[in-house]
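A structural walkthrough
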Amino acid sequence: MKDYVVRGTDKDRNFRFFGSITREIVQTAHEYHQTSPVVTAGLGRVMTAATMMGQMLKGERDRLSVSIKGDGPIGGVIVETNAEGHIKGYPYTSDVNIPLNPDGKLDVSGAFGNAVMTIMKDMGLKEPYIGQTILVSGEIAEDFTYYFATSEQTPSVVALGVLVDVDCSVKQSGGFIIQVLPEALDEAIDRLEKQLKDFPAITTLLEEGKTIEQAIESLLGEVDFFEKKEIKYHCDCSLDQMERGLMSIGEKELTEILEEDKQAELVCHFCNKKYLFQEPQLQELIREITGR
């Protein structure tokens, strides 16, 4: 099954929700970056949340990025997505091996350490919207819940899960975001809170053969699904982007590279594609900078 995201509301319009299946996306990220299990889990949870937040954007060209920087061994991750359902991401450090947490699970919180999460939305305005919070748990779902409450003043429930197989491949990955609408009834909110107390992990439900839609329905009862959209890992790097990147370092440094190395190789962080610039190409870039 292809990865996808769904959105909708419950029948009584107390909540809106987003749900996503991201196994192929997270598996692609694992293959590009050769991530260890705890890094796969951490990056995958962030990417899963981002796929749903991308569907909250209004314009077709709007973009969203999530950056986490911490003092743990992973260092951080960067994820970018858009309203079209394209997403890409990478960790600062791909191969992190630390002990399991006290519950016997991958210690994502320990991998990130003390960290700050920054979310930027580029909606075509003069300045992008930027929200920033500390990681309150490092387990990512709770951190996005905290972000929505503090930066967007939207009470939310976020559930995210990535199950890594014994061969380090991604067995299951998905999640949901449920947000309280302005006219929500108190009894509906109370009912949801009670349902959540004993609600199983997302990956447990997916392993049982449940869909993300069924998981949401088990919490909200009868719902209206408004849209189901395919999502995929997509890197939009290009030769033009890399040329602009080289030119941005300026004439002096570019000339030094030309004289010392005779070539320059740039690698895309998101997909590891390599771009090689030989001597004639570097000379042409310098001419463009100087106008000579």
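One can find the structure itself at the top, above this paragraph.
Residues numbered from 1 in each chain as written. Predicted model: local features only at pLDDT ≥ 70, side-chain atom pairs only at ≥ 80, totals over all residues. Heavy atoms only, no water.

**Focus: the overall build of the protein chain**
Counting its secondary structure elements, the protein chain contains ten helices and 13 strands. Here the protein chain has a C-alpha radius of gyration of 21 Å; the compact-globule value for 292 residues is 19 Å, and the two agree. Seen through its principal axes, the protein chain has C-alpha atoms that stretch 70 × 45 × 35 Å. Expressed as a percentage of its 292 residues, the buried residues of the protein chain come to 47%. A separation of at least 24 residues holds for 64% of the contacts in the protein chain among residues at least 6 apart in sequence. Surface summary for the protein chain: the accessible area is close to 14,900 Å², and the carbon and sulfur share equals 47%. Taken together, the 30 basic and 48 acidic charged side chains of the protein chain have centroids lying 3 Å from each other. (Helix = DSSP H or I, 4+ residues; strand = E, 2+ residues; numbered from the N terminus. Rg over C-alpha atoms; globule rule 2.2 N^0.38 Å. Buried < 20%, exposed > 50% of the residue type's maximum accessible area, 1.4 Å probe, protein only. Contact = heavy atoms within 4.5 Å. Areas by Shrake-Rupley, 256 points an atom, 1.4 Å probe, with all protein chains shown as cover. Lys, Arg positive; Asp, Glu negative; His and termini not counted. Charge placed at Lys NZ, Arg CZ, Asp CG, Glu CD.)

**Some points on a nonpolar patch on the surface**
A cluster of nonpolar side chains, contributed by Val 116, Ile 134, Val 136 and Tyr 146, occupies part of the molecular surface with about 320 Å² of accessible area. Structurally, Val 136 can be placed in the loop between strand E7 (129-134) and helix H4 (141-151). Judged by its relative accessible area of 44%, Val 136 falls in the partly exposed class. (Patch = residues over 30% accessible without salt bridge, like charges linked within 9 Å, V, L, I, M, F, W, Y side chains within 5 Å. Salt bridge = Lys/Arg side-chain N within 4 Å of Asp/Glu carboxyl O.)

**Quick look at the sheet that holds strand E9 (residues 170-180)**
In spatial order, the strands read E8-E9-E2-E1-E10; together these five strands make up an open sheet with antiparallel pairing. Looking at strand neighbours, the two that pair on one side only are strand E8 (156-164) and strand E10 (223-230), the edges of this open sheet. Taken over all neighbouring pairs, the strand axes of this sheet differ in orientation by 10° on average, direction set aside. Both strand E1 (residues 4-10) and E10 contribute to a ladder of seven bridges, which runs antiparallel. Bridge pairing links Thr 9 to Asp 224 in E10. The strands touched by helix H2 (residues 37-54) within the sheet are E1, strand E2 (15-21), E8 and E9, with E8 carrying the most contacts at an inclination of about 140°. (Pairing = 2+ DSSP bridges. Axes fitted to C-alpha atoms, helices over the stretch in contact; angles between N-to-C directions.)

**Concerning the pattern of salt bridges**
Going through the model one piece at a time under the given rule, you end up with 13 salt bridges. A salt bridge links Arg 63 to Glu 80; the shortest N-O distance between them is 3.7 Å. Note that Arg 63 is positioned in strand E3 (residues 63-70) and Glu 80 in strand E4 (residues 76-82), a separation of 17 residues in sequence. Between Lys 88 and Asp 236 there is a salt bridge, with its nearest N and O atoms 2.6 Å apart. Placement of Lys 88 in strand E5 (residues 86-91) and of Asp 236 in the loop between strand E11 (232-233) and helix H8 (239-248) is noted, with a sequence separation of 148 residues between them. A relative accessible area of 31% places Asp 236 in the partly exposed class. One salt-bridge network, held together by shared partners, links Arg 63, Glu 80, Lys 88 and Asp 236.

**A closer look at the pairing of E4**
Buried residues dominate E4, accounting for six of its seven residues. Across seven bridges, the pairing between E3 and E4 is antiparallel. By the bridge assignment for E4, Ser 65 is matched with Glu 80. The loop that links E3 with its antiparallel partner E4 comprises five residues; one of these, Gly 75, has a positive phi angle of about 80°. Taken together, the five bridges between E4 and E5 define a ladder with antiparallel strand orientation. Note on E5: the bridge partner recorded for Val 79 is Gly 89. Counting the residues in the hairpin turn of E4 and E5 gives three residues, including Gly 85, whose phi is positive at 95°.

**Some points on the sheet that holds E3**
For sheets, the rule is that strands pair by backbone hydrogen bonds, running either parallel or antiparallel. Pairing within the open sheet is mixed, and its six strands lie in the order E7-E6-E3-E4-E5-E11. Of all the strands in the sheet, just E7 and E11 have a single pairing partner and so form its edges. Contacts from H4 reach E3, strand E6 (115-122) and E7, with the element oriented near 125° to E7.

**Section: the packing of helix H1 (residues 23-33) against H2**
A pair of packed helices can be characterised by two numbers: the angle between their axes and the separation between those axes. Across the interface, H1 lies against H2 with an axial gap of 9 Å and an inter-helix angle of 135°. The pairing of H1 with H2 is recorded here as oblique in orientation. For H1 against H2, the interelement crossing comes out right-handed. Contact residues: Ile 25, Val 26, Ala 29, His 30 and His 33 in H1; Thr 40, Leu 43, Gly 44, Met 47, Thr 48 and Thr 51 in H2. (Parallel < 35°, antiparallel > 145°, perpendicular 65-115°, else oblique. Left-handed = near helix turned anticlockwise from the far one by under 90°.)

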